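Coordinate inspection notes
Listed here are the chains, written in short residue letters.
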Amino acid sequence: MFVHILVLIMTLMTGGAVFAQAPAAGLAKPVKMVVLGDSLSAGLGLSASAAFPARLQKSLEAKGIKVDMINAGVSGDTSSGGRDRLDWSVPDGTEAVILELGANDALRGTDPAVPRAALSDILTRLKARKIAVLVCGMLAPPNYGSEYAARFNAIYPELSKSFGVPLYPFFLEGVAADAKLNQADGLHPTADGVDVIVKNILPMVEAFLGALSAQRS
């Protein structure tokens with residue numbers, strides 16, 4: 001069932017915003033980065049080394065970009081849950097956050113106003129701490145109807161625009177609806193699926209860190 005839902009989700013996908021900045025290679029010191037998310041980034045069903053943060057760190061380091069990575073993904077977490085644990089999940093000294101929340105809100109059919117408010121609060125608080133943020137978008141399953149999907153899907157591009165932060169439009173790009181890249185539940189990526197996510201998002205993360213590097217200098 002979930003695989004079929006994700007197949008439909010893929011039909012709703014639209015093109016993403018462009019975010020281009022200086023390359024991040026050659027950063028003088030490791031960037032302290034946190035991935036604040038749910039089970040999709042936490043690595044549910046996978047070893048710690050196969051989870052998104054670890055695989056992303058390995059790919060970045062292969063390009064000469066050093067990061068001190070914290071996996072702050074909590075399985076089952078909603079946007080509100082991420083907001084409630086923000087202060088201890090994103091410790092002092094953090095320079096960059098990849099924000100990956102909202103999938104559980106969408107699966108539960110939560111009023112989009114709730115995750116919008118929570119994500120807005122997270123971005124406001126991180127901005128006040130001068131922490132750079134890359135937002136990862138999520139798409140609502142179509143079984144709640146087109147009106148719900150339109151309201152939910154609009155959250156991420158609108159927050160990206162209003163806060164002036166880069167947006168990766170759909171975290172599961174290239175993985176959703178592909179049975180070979182998902183675990184038996186049809187929702188959570190396999191290790192190979194995580195590698196596809198990392199490959200697809202890597203150019204944007206490089207640009208994101210490149211912008212941070214320019215700010216440092």
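Above this text sits the structure in question.
About the criteria used
Residues numbered from 1 in each chain as written. Predicted model: local features only at pLDDT ≥ 70, side-chain atom pairs only at ≥ 80, totals over all residues. Heavy atoms only, no water. Pairing = 2+ DSSP bridges. Helix = DSSP H or I, 4+ residues; strand = E, 2+ residues; numbered from the N terminus. Contact = heavy atoms within 4.5 Å. Axes fitted to C-alpha atoms, helices over the stretch in contact; angles between N-to-C directions. Phe/Tyr/Trp six-rings, centres within 6.5 Å; stacked < 30°, edge-to-face > 60°. Buried < 20%, exposed > 50% of the residue type's maximum accessible area, 1.4 Å probe, protein only. Core = buried A, V, L, I, M, F, W, Y, C linked by side-chain atoms within 4.5 Å. Salt bridge = Lys/Arg side-chain N within 4 Å of Asp/Glu carboxyl O. Parallel < 35°, antiparallel > 145°, perpendicular 65-115°, else oblique. Nonpolar A, V, L, I, M, F, W, Y, C, P; charged D, E, K, R; others polar.

Pairing in this open sheet of 5 strands is parallel, and the strands run 2-1-3-4-5 from one edge to the other. Two strands lie at the open edges of the sheet, namely strand 2 (67-73) and strand 5 (167-168), each paired on one side alone. In this sheet, strand 4 (residues 132-136) lies alongside strand 3 (residues 96-100) in parallel orientation, the contact comprising 4 bridges. When the sheet's bridge partners are listed, Ala96 is paired in strand 4 with Ala132. Contacting strand 1 (31-37), strand 3 and strand 4, helix 7 (residues 113-128) runs over the sheet at an angle of about 180° to strand 3.

What follows is about the packing of aromatic side chains. Under the definition given, this model contains 4 aromatic pairs. On the numbers, 5.0 Å between centres and 80° between planes, the contact of Phe52 with Phe171 is edge-to-face. Of this pair, Phe52 sits in helix 3 (residues 52-62) while Phe171 sits in the loop between strand 5 and helix 10 (191-216); the two residues are 119 residues apart in sequence, bridging distant segments of the chain. Classification of Phe52 as buried rests on a relative accessible area of 1%. Judged by centre distance (6.2 Å) and plane angle (15°), the ring pair of Tyr148 and Phe152 falls under stacked. One end of the pair, Tyr148, and the other, Phe152, are both in helix 8 (residues 146-153), 4 residues apart, so they sit about a helical turn from each other. With respect to class, Tyr148 is no different from Phe152; both count as buried. Taken together, the aromatic side chains of Tyr144, Tyr148, Phe152 and Tyr156 make up a single cluster linked through ring pairs.

Attention now goes to the nonpolar core. Core analysis: the biggest nonpolar cluster contains 60 residues, and Phe52, Leu56, Leu99, Met138 and Leu209 have the highest contact counts within it. The leading source of residues in this core is helix 10, at 10 residues. Among residues more than four places away in sequence, those in contact with Met138 are Leu40, Gly102, Ala103, Phe152, Asn153, Tyr156, Pro169, Phe170, Phe171 and Leu172.

The subject of this paragraph is the pattern of salt bridges. Throughout the structure, instances matching the rule amount to 11 salt bridges. Residue Glu206 is joined to Lys63 by a salt bridge in which the shortest nitrogen-to-oxygen separation is 3.9 Å. Highlighted residues: Glu206 in helix 10 and Lys63 in the loop between helix 3 and strand 2, separated in sequence by 143 residues. Residue Lys63 is classed as partly exposed on the basis of its relative accessible area of 41%. In this structure, Arg125 engages Asp87 in a salt bridge whose closest nitrogen and oxygen atoms are separated by 3.1 Å. Of this pair, Arg125 sits in helix 7 while Asp87 sits in helix 5 (residues 86-89), and the two are 38 residues apart along the sequence. A residue is classified by how much of its surface remains accessible, and Arg125, at 25% relative accessible area, is partly exposed.

Viewed as axis vectors pointing N to C, helix 8 and helix 9 (residues 155-163) meet at an angle of 25°, and their least axial separation amounts to 5 Å. Taken together, the axes of helix 8 and helix 9 are roughly parallel relative to one another. Here Arg151, Phe152 and Asn153 of helix 8 come into contact with helix 9, specifically with Ile155, Tyr156 and Pro157. Of the residues contributing to the contact of helix 8 with helix 9, the split by class is 4 nonpolar, 1 polar and 1 charged.

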